[in-house]
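Okay, here's what each chain looks like letter by letter:
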Amino acid sequence: MGSVYRCWLCLLCLVLLGFCWGSAGLAAQESPEPAQWVSLAEARQRLEAIAEAMHSIRLCNRSNCRYRDISVEVRPIAGVEPPQYEGKIEATLDRPSGSLDKARYRLELRGGRWQLLGGEEVSDVSSFFFEGDTYEVFSAYGTRSRKARLADASSNLRVGYRELYYRVFDQGQERLR
């Protein structure tokens, strides 16, 4: 009689565990922590650290083919609590071209992390526009634009945004150290 009672009790526990598995009580334990509050000074410091990491990115095979003159701007988003911020990074791209190449990137601090939203890179022969993990390129040599995902791009696509998206960020989301 004792072993039948234990089996019945084990079966009841398994049924209850299966029933509760999808319940709100267990879901609450698995939910991520609420977004932490970040001051304007910390947001700026973290965006400057991202800009500093950009100095190590090589944009072509030449050793001096890198980001130059990087500047950052951080502004609070009005009326949002806890405070959230939008950011902008502007830089010169030192690449072999007939003119200075420029880059502008848009970011937003959400959930305690900087998110790379999009941007543009403009040279004398092409313009790249980025939105999340997609890009569109307009070339002086072609009559049509090309739109694709960064993950599907060939390895000869040497744009700073791609390197920024994967190497400095983790698929567009700030790496927390």
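Preceding this section is the structure that the text describes.
Here is a short report on the structure shown in this document. (Residues numbered from 1 in each chain as written. Predicted model: local features only at pLDDT ≥ 70, side-chain atom pairs only at ≥ 80, totals over all residues. Heavy atoms only, no water.)

### Focus: the overall build of the chain
Under the convention used in this document: Helix and strand assignments follow DSSP, with helices taken as H or I runs no shorter than four residues and strands as E runs no shorter than two, numbered in order from the N terminus. Relative accessible area decides the class of each residue, using a 1.4 Å probe on protein chains only: under 20% of the type maximum gives buried, over 50% gives exposed, and in between gives partly exposed. Accessible surface is estimated by sampling points in the Shrake-Rupley manner with a 1.4 Å probe; for residues, cover comes only from the protein chains shown.
The helix and strand inventory of the chain stands at four helices and nine strands. Along the chain, helices (α) and strands (β) appear in the sequence α-α-α-β-β-β-β-β-β-β-α-β-β when read from the amino end. For the chain, the proportion of its 177 residues judged to be buried stands at 32%. Here the chain displays about 11400 Å² of accessible surface, and carbon together with sulfur accounts for 55% of that area.

### As for the nonpolar core
Counted only if it meets this: By convention a nonpolar core is built from buried Ala, Val, Leu, Ile, Met, Phe, Trp, Tyr and Cys residues, the set being connected through side-chain atoms within 4.5 Å. Any two residues whose heavy atoms approach within 4.5 Å are treated as being in contact.
One finds Y67, Y105, W114 and Y135 to be the most contacted residues of the largest nonpolar core, which totals 37 residues. Listing elements by their share of this core, those giving two or more residues are α3 (40–54), β1 (67–76), β2 (85–93), β3 (101–110), β4 (113–122), β5 (126–131), β6 (134–139) and α4 (160–168). Ranked by residues supplied to this core, first place goes to α3 with five residues. In contact with Y67, other than residues within four places in its own chain, are M54, H55, I57, L59, A91, T92, L93, A103, Y105, E121, G160 and Y161.

### Overview of the packing of aromatic side chains
Aromatic ring pairs are reported here in terms of the distance separating the ring centres and the angle at which the planes meet. Let me state the cut-off plainly: Only rings of Phe, Tyr and Trp enter the pairing, Trp through its six-membered ring, and a pair is recorded when the two centres are within 6.5 Å. The plane angle decides the type: under 30 degrees is stacked, over 60 is edge-to-face, the rest tilted.
Under the counting rule described, the total for this entry stands at eight aromatic pairs. Taken together, a centroid distance of 4.2 Å and an interplanar angle of 10 degrees make the contact between F130 and Y161 stacked. With F130 in strand β5 and Y161 in helix α4, the pair connects residues that are 31 residues apart, well separated along the chain. Both residues of the pair, F130 and Y161, belong to the buried class. Centroid distance Y161 to Y165: 6.0 Å. Interplanar angle 20 degrees. Geometry classified as stacked. On the criterion of helical spacing, the pair formed by Y161 and Y165 is a turn pair, its members being four residues apart in helix α4. For Y165, a relative accessible area of 8% puts it in the buried group. A network of ring pairs unites the aromatic residues Y67, Y105, F128, F130, Y135, Y161, Y165 and Y166 as a single cluster.

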